[in-house]
Amino acid sequence: SKLAVFDGKKAIRGGIPFVFPQFGQWTFGPQHGFARITRWALERAPERLPTGDVEAVFSLMDNEFTRSMWNYPFRITYRLILREKELHFHIGVYNPSKDLTFSFNMLLHTYLKVPDVRRCQITGLHGCTFIDKTRDNAIYQEGRDVVTINEWTDRIYQHTPQEHIITNVVSGRKMRVQKYNFPDTVIWNPWMEKARETPDFGDDEYPNMLCVESGHVSSPVILLPGTAFEASQVLQVSFVNGVSGKRRSKKNQNANNVDFR
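Rules used throughout
- Residue numbers restart at each chain and count upward from 1, following the sequence in its written direction.
- Per-residue local features are limited, in this predicted model, to residues with pLDDT of at least 70; the limit for side-chain atom pairs, both in listing and counting, is 80 or more; totals at the level of whole chains, interfaces and linings are taken over all residues.
- Remark: hydrogens and water are excluded; side-chain values derive from all non-hydrogen atoms of the structure.
- UniProt positions are given in the numbering used here, feature names are shortened, and annotations may be inferred rather than shown by experiment.
- Here the term cavity refers to a set of points on a 1 Å grid, laid over the protein atoms alone, in which a 1.4 Å probe fits but cannot get out; the term pocket refers to an open set having protein on both sides within 12 Å along at least five of seven lines, with lining residues being those that place an atom within 4 Å of a point.
- Secondary structure follows DSSP: runs of H or I at least 4 residues long count as helices, runs of E at least 2 residues long count as strands, and numbering of each begins at the N terminus.
- Burial status follows relative accessibility: with a 1.4 Å probe on protein chains alone, a residue under 20% of its type maximum counts as buried, one over 50% as exposed, and anything between as partly exposed.
- Whether two residues touch is decided by their heavy atoms; if any such pair falls within 4.5 Å, the residues are in contact.
- Residues adjacent in sequence count toward polar contacts only when both atoms are side-chain atoms; beyond that, a polar contact is any pair of N or O atoms within 3.5 Å, and within protein one must be able to donate a hydrogen and the other to accept it.
- Only rings of Phe, Tyr and Trp enter the pairing, Trp through its six-membered ring, and a pair is recorded when the two centres are within 6.5 Å. The plane angle decides the type: under 30 degrees is stacked, over 60 is edge-to-face, the rest tilted.
- Strands are labelled as partners when DSSP assigns at least two bridges between them.
- To obtain an axis, a line is fitted to C-alpha atoms, over the contacting stretch when the element is a helix, and the angle between two such axes runs from 0 to 180 degrees between their N-to-C directions.
- Remark: nonpolar core denotes a set of buried residues (Ala, Val, Leu, Ile, Met, Phe, Trp, Tyr, Cys) joined through side-chain atoms within 4.5 Å.

**Student:** Help me out: how do you make sense of the UniProt feature "active site" (unreviewed entry) in the protein chain in this one?
**Tutor:** The positions UniProt marks with the feature "active site" (unreviewed entry) are His109 and Glu213. In terms of the greatest pairwise C-alpha distance, the residues named above, spread along 105 residues, form a tight cluster of at most 5.0 Å across. Here the residues from the annotation list that line the second largest pocket are His109 and Glu213. For histidine 109, the location among the structural elements is in the loop between β6 (102–108) and β7 (111–113). Relative to the elements of secondary structure, glutamate 213 occurs in strand β14 (residues 209–223). Residue class for glutamate 213 comes out buried when judged on its relative accessible area of 1%. Setting aside its immediate chain neighbours within four residues, glutamate 213 contacts Leu107, Leu108, His109, Thr110, Asp184, Thr185, Val186 and Trp188. Looking at glutamate 213, its side chain comes within polar contact range of the side chain of histidine 109, at 3.4 Å.

**Student:** Looking at this model, I keep getting lost on the packing of aromatic side chains. Mind explaining?
**Tutor:** Geometry of an aromatic ring pair is reported as the spacing of the ring centres plus the angle between the planes. In total, this model carries 23 aromatic pairs according to the counting rule given. Pairing phenylalanine 20 with tryptophan 70 gives two aromatic rings, centres 5.5 Å apart and planes at 80°, and the pair type is edge-to-face. Note that phenylalanine 20 is positioned in the loop between β1 (18–19) and β2 (41–48) and tryptophan 70 in the loop between α1 (64–67) and β4 (75–82), a separation of 50 residues in sequence. Tryptophan 70 carries the same exposure label as phenylalanine 20, and that label is buried. Aromatic side chains phenylalanine 20 and phenylalanine 74 sit 5.5 Å apart centroid to centroid with 50° between the ring planes, which places their arrangement in the tilted category. Taken together, the positions of phenylalanine 20 in the loop between β1 and β2 and phenylalanine 74 in the loop between α1 and β4 put the pair 54 residues apart, joining distant regions of the chain.

**Student:** Teacher, can you tell me more about the sheet that holds strand β5 (residues 86–94) here?
**Tutor:** Within a beta sheet, neighbouring strands are joined by backbone hydrogen bonds and run either parallel or antiparallel to one another. The strand order β2-β3-β4-β5-β15-β12-β11 describes an open sheet built from seven strands, whose pairing is antiparallel. Edge positions in the sheet fall to β2 and β11 (163–166), since each has one partner strand and no second. Each neighbouring strand pair of the sheet contributes to a mean axis angle of 10°, computed without reference to strand direction. Summarising the sheet, β5 and strand β15 (residues 228–237) pair through nine bridges and their orientation is antiparallel. What sits directly across from tyrosine 94, in β15, is alanine 228.

**Student:** Can you help me understand the nonpolar core in this one?
**Tutor:** The nonpolar side chains of soluble globular proteins are, as a tendency, buried together. Phe18, Phe20, Phe104 and Leu210 are the most contacted members of the largest nonpolar core, which has 53 residues in total. Looking at this core element by element, the count peaks at six residues for β14. Residue contacts for leucine 210: discarding those within four places in its chain leaves Thr110, Tyr111, Leu112, Val114, Val117, Cys120, Ile122, Ile149, Ile166, Ile187 and Trp188.

**Student:** Even after reading the chapter, I still don't get the environment of glutamine 31, so can you show me in this structure?
**Tutor:** Locating glutamine 31 in the fold gives a position in the loop between β1 and β2. In this structure the C-alpha to C-alpha distance between glutamine 31 and leucine 107, which are 76 residues apart in sequence, comes to 13 Å. Discounting residues that sit within four places of it in the chain, glutamine 31 has contacts with Gly24, Gln25 and Arg36. A distance of 2.4 Å separates the side chain of glutamine 31 from the side chain of glutamine 25, its partner in a polar contact.

Shown next, in the form of structure tokens:
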């Protein structure tokens with residue numbers, strides 16, 4: 001959003017906020033937990049790999065701030081790999097305690113830029129049950145082969161497949177979302193009224209965004225002492241008309257660059 005706040009206190013309205021250890025309202029701290037408003041350590045600076053990909057690793061550990069809300073030791077590693085047409089996210093959560101078990105939710109709150117959200121279609125949700133947060137958390141079953149957005153939408157789809165295809169994202173392309181160990185998919189768009197109620201969200205911006213979020217939120221992850229949880233996501237974008245980057249002219253390469261923000 002053009003109204004996103006970069007004050008280190010509020011989650012940025014865009015990009016991929018990292019939801020942990022709580023999804024939604026939280027008695028002990030801010031909504032969606034503290035990871036999205038905490039400064040992460042740059043464990044490995046961006047470097048180009050022999051394959052031409054670029055890799056960076058971030059980490060987050062418990063500190064005085066996190067323990068004031070959630071008094072558990074933990075360590076998260078967040079490895080990002082940028083390829084020509086793909087963005088990879090590899091996540092590891094480790095419980096270093098010898099005697100404490102903790103539980104948590106996790107979600108990648110992915111914002112996608114779209115030319116018109118009403119023209120987007122999302123596959124892979126047919127037959128899945130979902131919790132509809134716009135209707136007092138009532139549970140329904142999705143009957144559509146492809147899901148479209150034409151109103152305020154806030155749904156937690158459960159036991160979703162490992163892949164979704166989203167049509168008509170930035171520049172009219174398709175995007176493939178592949179996920180591992182994320183059993184839930186959250187679909188969100190605030191629509192007109194909720195956009196007006198949100199101070200850091202432009203009133204006219206809802207038609208140009210769509211959140212398709214991979215997560216583990218309808219049930220918690222329970223992490224025993226000395227064990228780790230791993231999950232991953234890959235975002236893959238198709239080029240216009242299926243033309244690969246190697247065959248495009250430099251002019252077209254610049255025109256078709258993808259802004260994952």
